[in-house]
Amino acid sequence: MRIAIVSGSDEGPTKLNAFDNALTKAGIGDVNLIKVSSMLAGNAEIKELPKLKAGAMVNCVLSEVTSDNPGDEITAVVAVAIGDKLGCVVETSGINRPSDEITEKAEKMVRYMMDKRGVDIKELIVECSTAKVKSIASAVSSVVYLNDDIVEE
């Protein structure tokens, strides 16, 4: 199994446009995202996000937060833990909470999931996207499940 971990944030004239712009900044704005639950195959490989086919149906775990309150600090986080037998992903977000608090929460949750399953963690990655809202902003972090059908050649 191959995955990519991406994040981005941006402003827009509407909440939807801000979200779309954040997805585009993360490199996943031109595809159809299918939210999946948070399990990975054992020994998942983390890769750079390749160029994806426009309109492709792409499985992902997605954390997103959007605000239209100027001055808000928004944060979207994914935490990925990979073991020999399997891996887990956690997504969480927050508004006006310290980003380190949100990332620590995500890390604790993913460690718990692995511990509950009796799987030792070989690799742990936490990806965070934070933005200060000027007008309307969105932040996203995502784990994208890669396969040959969605990658542009």
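See the structure above.
Owing to the predicted nature of the structure, the values given are computational and were not obtained by experimental measurement.

**Q** Lay out the overall build of the protein chain with the relevant residues and their values.
**A** Along the backbone of the protein chain there are two helices and nine strands. Going residue by residue from the N terminus, the α and β elements of the protein chain occur as β-α-β-β-β-β-β-β-α-β-β. For a compact globule of 153 residues, the expected C-alpha radius of gyration is about 15 Å, and the protein chain comes in at 15 Å, within 12% of that figure. When the backbone C-alpha atoms are referred to their principal axes, the protein chain occupies close to 45 × 40 × 20 Å. The proportion of buried residues among the 153 residues of the protein chain is 43%. Within the protein chain, residue pairs in contact and separated by at least 24 positions form 77% of the contacts whose partners lie at least 6 positions apart. Accessible surface computed for the protein chain: about 7700 Å², of which carbon and sulfur atoms make up 46%.

**Q** Please set out the state of the cysteines residue by residue, giving values where relevant.
**A** A complete count under the given rule lists zero disulfides for this structure. Of all cysteine sulfurs in the structure, the one in C60 sits closest to C88, which takes part in no disulfide; the separation is 17 Å. A disulfide-free cysteine, C128 has its sulfur positioned 17 Å from the sulfur of C60, the nearest such atom. Judged by relative accessible area, which is 30%, C128 ranks as partly exposed.

**Q** Tell me about the sheet that holds strand β9 (residues 137–146), residues and numbers included.
**A** Read across the open sheet, the five strands follow the order β2-β5-β9-β1-β4; overall the sheet is mixed. Two strands lie at the open edges of the sheet, namely β2 (32–35) and β4 (45–46), each paired on one side alone. Here eight bridges tie strand β5 (residues 57–67) to β9, and the two strands are oriented antiparallel to one another. Counted as the bridge partner of E64 is V140 from β9. Helix α1 (residues 15–26) contacts β1 (2–11), β2, β5 and β9 of the sheet and is inclined by roughly 135 degrees relative to β1.

**Q** How would you summarise the sheet that holds strand β7 (residues 86–95) if you had to cite specific residues and measurements?
**A** What the four strands build is an open sheet, ordered β3-β7-β6-β8; its pairing is antiparallel. Taken across any chain shown, the strands that pair with only one partner, and hence form the sheet edges, are β3 (39–41) and β8 (123–132). Here the strands of the sheet are splayed against their neighbours by 15 degrees on average, with no regard to which way each runs. With ten bridges joining them, strand β6 (residues 73–82) and β8 adopt antiparallel strand pairing. Each bridged residue has a counterpart across the sheet, and for A76 the counterpart in β8 is S129.

**Q** Can you explain the pairing of β1? Please cite residues and give values.
**A** Pairing analysis gives two bridges linking β1 to β4, with the strands arranged parallel. In the strand pairing of β4, I3 is matched with I46. Pairing of β1 with β9 involves ten bridges; the strand directions are antiparallel. Paired with I5 across the two strands is V143, which belongs to β9.

**Q** Requested: an account of the side chain of S63, with residues and values cited.
**A** Here S63 is to be found in strand β5. When its relative accessible area of 3% is taken as the criterion, S63 is described as buried. From its side chain, S63 meets the backbone nitrogen of V77 in a polar contact 3.2 Å long. Apart from the residues lying within four places of it in its own chain, the contact partners of S63 are A76, V77, V78, E91, T92, S93, A139, V140 and S141.

Conventions and cut-offs
Residues numbered from 1 in each chain as written. Predicted model: local features only at pLDDT ≥ 70, side-chain atom pairs only at ≥ 80, totals over all residues. Heavy atoms only, no water. Helix = DSSP H or I, 4+ residues; strand = E, 2+ residues; numbered from the N terminus. Rg over C-alpha atoms; globule rule 2.2 N^0.38 Å. Buried < 20%, exposed > 50% of the residue type's maximum accessible area, 1.4 Å probe, protein only. Contact = heavy atoms within 4.5 Å. Areas by Shrake-Rupley, 256 points an atom, 1.4 Å probe, with all protein chains shown as cover. Disulfide = S-S within 2.5 Å. Pairing = 2+ DSSP bridges. Axes fitted to C-alpha atoms, helices over the stretch in contact; angles between N-to-C directions. Polar contact = N/O pair within 3.5 Å; in protein donor to acceptor, adjacent residues only side chain to side chain.

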